[in-house]
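Notes for the structure review
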Amino acid sequence: MNKFLKIFRQILILQITFSATTQALAAGGSDPRYVGELHPPIIVSDAGKKMAVLFLKNNFKKSIENTHVATGEIYYFQVQPLTPELKYVWKVEGDHVSSVFFYDWKTPERAGRSMYVLMKTVVSNRIFEGLSYTAMELSVISEGDKLSLNFFPGDLQDSKLQNCYEGLYLEDSKIVTCAYKNASDIKKYLALQDK
């Protein structure tokens, strides 16, 4: 009976958490009083442990002047075992989250799972017209009965996966194509590095 009540309690807390998040997201993406959604939530699991990752959009970005405001932020909470505590991971700088995917590193120095967040930004200035793609690597860490998601600001991100441009350089009419604008191309690149 106690086991049933414990499971029921966890399901109830999870339902309330998702319900509150869904209501906030459905309240209107353009209303600055509410949090928007940059990407649908992701469930990450490993050996019976699960966490939900949320990609929340900052609706105040366009209304705040003279200071930098990130497009959004990444948070997570434990689903199994349930811990209804929202943990901050890092900010999102791109206009859109175009893809979220995983890569399991085999190289001993890097062994472990990473979650990649591929961001797309529209670039329009006097030099360049087009898009910029950036992939941010977040480490999935399994300790004890919990999973966590971490971004280490001091770690250098792979330069080939940062600000990969696709579009037109206006001064010399040079067209460029980004080789790393989707999950499959980035995974192929990572596999070549993973030796």
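Residues numbered from 1 in each chain as written. Predicted model: local features only at pLDDT ≥ 70, side-chain atom pairs only at ≥ 80, totals over all residues. Heavy atoms only, no water.

**Topic: the overall build of the protein**
- When you go through the protein residue by residue, the secondary structure sums to two helices and ten strands.
- When the helices and strands of the protein are read in sequence order from the N terminus, they spell out α-β-β-β-β-β-β-β-β-β-β-α.
- Classification of the 195 residues of the protein by burial places 36% in the buried group.
- For the protein, restricting intrachain contacts to residue pairs at least 6 apart in sequence, the fraction spanning at least 24 positions comes to 48%. (Helix = DSSP H or I, 4+ residues; strand = E, 2+ residues; numbered from the N terminus. Buried < 20%, exposed > 50% of the residue type's maximum accessible area, 1.4 Å probe, protein only. Contact = heavy atoms within 4.5 Å.)

**Topic: the nonpolar core**
- One finds Val53, Phe55, Ile74, Met115, Val117, Leu138 and Leu149 to be the most contacted residues of the largest nonpolar core, which totals 21 residues.
- Contributions of two or more residues to this core are made by strand E1 (36-46), strand E2 (49-57), strand E3 (72-80), strand E4 (82-92), strand E5 (96-105), strand E6 (112-124), strand E7 (128-143) and strand E8 (146-150).
- Among residues more than four places away in sequence, those in contact with Leu149 are Met51, Val53, Ile74, Tyr76, Val89, Met115, Leu138, Ser139 and Val140.
- Counting 15 residues, the second-largest nonpolar core is a separate cluster that includes Tyr103, Trp105, Tyr116 and Tyr189. (Core = buried A, V, L, I, M, F, W, Y, C linked by side-chain atoms within 4.5 Å.)

**As for the pattern of salt bridges**
- For the structure shown, the criterion picks out five salt bridges.
- Between Glu93 and Lys91 there is a salt bridge, with the nearest N and O atoms lying 3.7 Å from each other.
- On the accessibility criterion, Lys91 (31% relative accessible area) is partly exposed.
- The partner of Arg110 in a salt bridge is Glu137, with the nearest N and O atoms 2.7 Å apart. With Arg110 in the loop between E5 and E6 and Glu137 in strand E7, this residue pair connects regions lying 27 residues apart in the sequence. (Salt bridge = Lys/Arg side-chain N within 4 Å of Asp/Glu carboxyl O.)

**Regarding the side chain of His39**
- Positionally, His39 belongs in strand E1.
- Looking at His39, the relative accessible area reads 15%, which means it is buried.

**Some points on the state of the cysteines**
- Going through the model one piece at a time under the given rule, you end up with one disulfide.
- Shown here is the disulfide that connects Cys164 with Cys178, its sulfur atoms set 2.1 Å apart. As the torsion about the S-S bond is roughly 120 degrees, the Cys164-Cys178 disulfide counts as right-handed. Of this pair, Cys164 sits in strand E9 (residues 164-169) while Cys178 is found in the loop between strand E10 (174-176) and helix H2 (183-193), placing the two residues 14 residues apart along the sequence. Of the two residues examined, Cys164 and Cys178, each falls in the buried class. (Disulfide = S-S within 2.5 Å.)

Don't take any of this as a statement about function, it's just geometry.
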